[in-house]
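The lines below spell out each chain.
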There are 2 protein chains.
Amino acid sequence: MGRTSDADQRLMDAALSLIWEQSYGAITIDDICRKADVKKGSFYYFFDSKADLAVAALDRYWKEQKPLWDNQFSAVFAPMQRIRNHCDAVYRQQRETQRRTGRVPGCPFCTIGSEICKQDEAIRAVICEILDNKIKYWESAISDAQREGLLGAGDVAEKARCAGAYFEGLMAQARLHNDAEMLASLGDRVCEHILACSEKPAKAVANTADSPINAAKTDNFDSTLY
Amino acid sequence: MGRTSDADQRLMDAALSLIWEQSYGAITIDDICRKADVKKGSFYYFFDSKADLAVAALDRYWKEQKPLWDNQFSAVFAPMQRIRNHCDAVYRQQRETQRRTGRVPGCPFCTIGSEICKQDEAIRAVICEILDNKIKYWESAISDAQREGLLGAGDVAEKARCAGAYFEGLMAQARLHNDAEMLASLGDRVCEHILACSEKPAKAVANTADSPINAAKTDNFDSTLY
DNA sequence: CACTTTGTTGACCAATCGGTCAAAATCAAG
DNA sequence: CTTGATTTTGACCGATTGGTCAACAAAGTG
């Protein structure tokens, strides 16, 4: 039934790597077509728009990553080792990409999501879904760690969300500074965070607004610019 | 000598708010001119390019923020209270912006930086400088906290960097989910992180590659896509 | 073989893009 | 009021943008 094609796959490849190397807003449909060696007519045969392609490409990428994540977070590993597996793999991947392309890509989901979450709801939604799915791995590992007594009690979902934020923050830092070595201790840092933050810190964390002077001063804290 | 103008200021205002609401790549010089009510000829009288304007606007914004930060991190506050001051102010600002515009902006520096750090070195550099400056406030507070015995010893710069990454990660999360309430406990979380991570966690954090089976499996951990 | 389905091509379009320019308008200082 | 520096304007340019289309090419099917 008709001729076959992998042009759609090549378009997704091109889009993903271009977005990765530059940004979503910086690349055009022409750019993607040029890189994929596909004419624009064919582009519109497969996709409605750049956003439509991006959604498809991100979704496919997530489906490709899933087996890797399943492996890293396999139940055969000790709970915290799973998180470490993932962090170490990410570090190696970032380092390798830097070696090959000169660029530390950071987390593609977080980067693209942060860029276009105010413009394209479809892309935002798919990225939210992917990142939420990823957090589930963390939740599972943290929950198992709690059950094994490695970790104090506490809201698993909240712990996982915060650990994920920490992970993404460190990734963004590495991307911005274009230095994969900032992720060399990614696993140490994240595991340390999860373990340490499970115990209530002994010392009070302040927020006592200790003196009337200070209380008064807080009026000047907020920016009125935006 | 000659006529005066605030068109350059209006252009910076427009650029910053448009970038904030959308993204750097999504807006054009025409967009900025329209919003600022400035003709394109005038744009090129003041600035060489969109990137040139962005650098100027970000630099001005940072200079405007500095007094606020100086106030929040004033030495009259207890060390950890300074960080809490900042986090609370940021939370209020994000909540207020969401109320007014329907959008949680997140950290403009981190968002823009993550977007264009692979494309425009000038913008990347100014954002790096601003964020590095911000980290200095944290370093100072953490150092004071150590001196007062509120915190265990350890590399101050590294602690501040990691706390900053955590902060930025939580901000990015709030932006992506467009939910300022995810930052309601920003101060708690960040302070908790700083305090908790100063003590070496009791339990081993794994990375023992405990069995040959696991060790063998790590071959499949890395993605080969990029 | 013919027929149908599926994919490809390149020409084409209007709109918008970044960028230029000479002329006109405005203002501060002498 | 002049003068000279500064700012504004709007017309203009070529290149590129996203998007369309009818004609064409390749493959599977009967």
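Conventions and cut-offs
Residues numbered from 1 in each chain as written. Chains lettered and ligands numbered in written order. Predicted model: local features only at pLDDT ≥ 70, side-chain atom pairs only at ≥ 80, totals over all residues. Helix = DSSP H or I, 4+ residues; strand = E, 2+ residues; numbered from the N terminus. Buried ≥ 20, exposed ≤ 12 C-beta atoms within 10 Å, placed from the backbone. Near = placed C-beta within 6 Å. Nonpolar A, V, L, I, M, F, W, Y, C, P; charged D, E, K, R; others polar. Core = buried A, V, L, I, M, F, W, Y, C linked by C-beta atoms within 7 Å. Contact = placed C-beta atoms within 7 Å. Expected span 1.5 Å × (residues − 1). Bend = angle between axes of the 7 residues up to and from the residue. Axes fitted to C-alpha atoms, helices over the stretch in contact; angles between N-to-C directions. Parallel < 35°, antiparallel > 145°, perpendicular 65-115°, else oblique. pLDDT = per-residue confidence, 0-100.

Trainee: Explain the overall build of chain A to me, using residue names and the numbers behind them.
Mentor: Counting secondary structure elements, chain A contains ten helices and zero strands. Buried positions account for 47% of the 226 residues belonging to chain A.

Trainee: With reference to specific residues and values, describe the protein's contact with DNA strand C.
Mentor: Taken together, 23 residues surround DNA strand C, and among them Gly2, Ser5 and Gly41 of chain A together with Arg3 and Gly41 of chain B come closest. Contributing elements (two or more residues each) for the surface near DNA strand C: α3 (40-46) of chain A together with α2 (29-36) and α3 (40-46) of chain B. With four residues, the single largest contributor to the surface near DNA strand C is α3 of chain A. Here the surface near DNA strand C is composed, by residue class, of six nonpolar, ten polar and seven charged.

Trainee: So, unusual backbone geometry: which residues are in play, and what are the values?
Mentor: Residues and elements named next belong to chain B. Although it is not a glycine, aspartate 37 adopts a positive phi angle of roughly 55°. Note on aspartate 37: 10 C-beta atoms within 10 Å, which makes it exposed. Phi is positive for asparagine 178, which is not a glycine, with a value near 50°. Counting through the fold element by element, asparagine 178 comes out in the loop between α8 (156-177) and α9 (186-196).

Trainee: Explain the protein's contact with DNA strand D to me, and be specific about the residues and the numbers.
Mentor: Not every one of the 22 residues close to DNA strand D is listed here, only the nearest: Thr28 and Gly41 of chain A together with Gly2, Ser5 and Gly41 of chain B. Of all elements in the fold, only α2 (29-36) and α3 of chain A together with α3 of chain B reach the threshold of two or more residues within the surface near DNA strand D. Here the surface near DNA strand D gets four residues from one element, more than from any other, and that element is α3 of chain B. Of the residues assigned to the surface near DNA strand D, the class counts are six nonpolar, nine polar and seven charged.

Trainee: I'd like a description of the nonpolar core, backed by residues and values.
Mentor: Leu11 and Ala15 of chain A together with Leu11 and Ala15 of chain B are the most contacted members of the largest nonpolar core, which totals 136 residues. Residues contacting leucine 11 of chain A, with those up to four places away along its chain left out, are Ile32, Ala36, Val38, Phe43, Phe46, Phe47 and Leu53 of chain A.

Trainee: How would you summarise helix α4 (residues 50-72) of chain B if you had to cite specific residues and measurements?
Mentor: All names here are of chain B. Taking 1.5 Å of rise per residue, the 23 residues of α4 would be expected to cover 33 Å, and the 32 Å separating its terminal C-alpha atoms lies within 8% of that figure. At lysine 66, α4 shows its largest bend, some 30°, and a proline, proline 67, comes one to four positions later. Listing the buried residues of α4 in full gives Lys50, Leu53, Ala54, Val55, Ala57, Leu58, Tyr61, Trp69 and Gln72. Elements that come into contact with the buried residues of α4 comprise α1 (7-21), α2, α5 (79-101) and α7 (121-147).

Trainee: Tell me what's going on with the environment of alanine 57 of chain A, and back it up with residues and numbers.
Mentor: All names here are of chain A. Its place among the elements puts alanine 57 in helix α4 (residues 50-72). Look at alanine 57 and you get buried, because 24 C-beta atoms sit within 10 Å. Along the primary structure alanine 57 and aspartate 13 are separated by 44 residues, whereas in three dimensions their C-alpha atoms are 7.3 Å apart. Once residues lying within four places of it in the same chain are set aside, the contact partners of alanine 57 are Met12, Ala15 and Leu16.

Trainee: Describe the packing of α4 of chain B against α7 of chain B, and please don't skip the residues or the numbers.
Mentor: All names here are of chain B. Contact geometry of α4 with α7 gives a least axis separation of 9 Å together with a crossing angle of 10°. For the element pair α4 / α7, the angle class is roughly parallel. Contacts between α4 and α7 pair Ala51, Ala54, Val55, Leu58, Asp59, Trp62 and Trp69 from the former with Ala122, Ile123, Val126, Ile127, Ile130 and Tyr137 from the latter. Classifying every residue of the contact of α4 with α7 by side-chain character gives twelve nonpolar, no polar and one charged.

Trainee: Describe in detail the environment of tyrosine 166 of chain B, supporting the description with residues and values.
Mentor: Residues and elements named next belong to chain B. Tracing the sequence through the fold places tyrosine 166 in helix α8. Accessibility expressed as a C-beta count within 10 Å gives 27 for tyrosine 166, which makes it buried. Separated by 28 residues in sequence, tyrosine 166 and isoleucine 194 place their C-alpha atoms 9.9 Å apart.

Trainee: Got a sec to walk through the confidence of the model for chain A? Specific residues and values, please.
Mentor: Atomic detail in the predicted coordinates should be set aside for any region of low pLDDT. Residues and elements named next belong to chain A. Summing up the model confidence of chain A, the mean pLDDT is 90 and the portion of residues at 70 or higher is 88%. Contacts of residues 202-206 to residues separated by more than four positions or lying in other chains number eleven contacts, the stretch itself having pLDDT below 50. Overall, residues 209-217 carries pLDDT values under 50, and its contacts beyond four positions in sequence, including any with other chains, amount to seven contacts. At the level of chain-chain contacts, confidence expressed as ipTM amounts to 0.91, with global pTM at 0.92.

Trainee: Give me α9 of chain B: which residues, what numbers.
Mentor: With nine of eleven residues buried, α9 of chain B is to be regarded as a mostly interior element. Where α9 of chain B is concerned, the buried positions are Leu186, Gly187, Arg189, Val190, Cys191, Glu192, His193, Ile194 and Leu195 of chain B.

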